[in-house]
Amino acid sequence: MNIILNEKAMFYSIDLIVSFCLILITIFILMSSYFQNYNFNLNQFKDNELIEKTIFLADSFVKNRNIENSLLGSCQIDYEKKRIISNQLDESLFSKIKQLNIKNFFVKEIKLDEKQIFHDLLESKDCVTIKRYVLIKDNKKVLSLKGCKK
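In this report, we go over the structure that sits alongside the text. Only a predicted model underlies this, so the values are computations on that prediction, with no experimental measurement involved.

## Side note on the pairing of strand E3 (residues 106-112)
Here is step 1 of the chain: For E3, a buried count of 6 out of 7 residues is recorded, marking the element as mostly surrounded by other parts of the structure.
Here is step 2 of the chain: As defined by bridge partners, E3 adjoins strand E6 (residues 139-148) across 6 bridges and the pair is classed as antiparallel. Across the sheet, Leu-112 pairs through a bridge with Leu-143, a residue of E6.
Here is step 3 of the chain: As paired elements, E3 and strand E4 (residues 115-119) share 4 bridges and run antiparallel to each other. Residue pairing in the sheet places Glu-109 in a bridge with His-119 of E4.
Here is step 4 of the chain: Where E3 folds back on E4, the antiparallel hairpin that results is connected by 2 residues, among which Asp-113 adopts a positive phi of roughly 50 degrees.

## Some details on a nonpolar patch on the surface
Here is step 1 of the chain: On the surface, Ile-23, Ile-27, Met-31, Tyr-34 and Phe-35 cluster together to form a nonpolar patch covering roughly 530 Å² of accessible area.
Here is step 2 of the chain: Mapping Met-31 onto the fold places it in helix H1 (residues 2-63).
Here is step 3 of the chain: Taking the relative accessible area as the measure of exposure, Met-31 reaches 42% and is therefore partly exposed.

The rules behind the values
Residues numbered from 1 in each chain as written. Predicted model: local features only at pLDDT ≥ 70, side-chain atom pairs only at ≥ 80, totals over all residues. Heavy atoms only, no water. Buried < 20%, exposed > 50% of the residue type's maximum accessible area, 1.4 Å probe, protein only. Helix = DSSP H or I, 4+ residues; strand = E, 2+ residues; numbered from the N terminus. Pairing = 2+ DSSP bridges. Patch = residues over 30% accessible without salt bridge, like charges linked within 9 Å, V, L, I, M, F, W, Y side chains within 5 Å. Areas by Shrake-Rupley, 256 points an atom, 1.4 Å probe, with all protein chains shown as cover. Salt bridge = Lys/Arg side-chain N within 4 Å of Asp/Glu carboxyl O.

Now the structure itself:
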């Protein structure tokens, strides 16, 4: 009878050790996936901030008019109706484009089709390019605005 109890006890202790190891492995896998997902979401949030700033600046460029810094707006103005014509750009304002002082953000370049109208010498690896259709003298062109992290 002692031999049978020892065999059962040994069987239950091996079974307990295997179950414990499986539970530990499962907990380790769950924690690993949780931290991996957390890091991915954190990086995605930082990228969303760059995308958001670039989109807002591209929208401002094609929907507003600013004489001092045409990076904030380069639209034509309709003097008869006393309003700005969005998505119709005024080429004479391109020479007045200046860099903005925004924390951790700058505009690397602006292109119309493949013609570069603004370029900054600062370098960055984290950049986003936003493209918009615009009109210049009744010709459709593609505006590319590249925003980068400092």
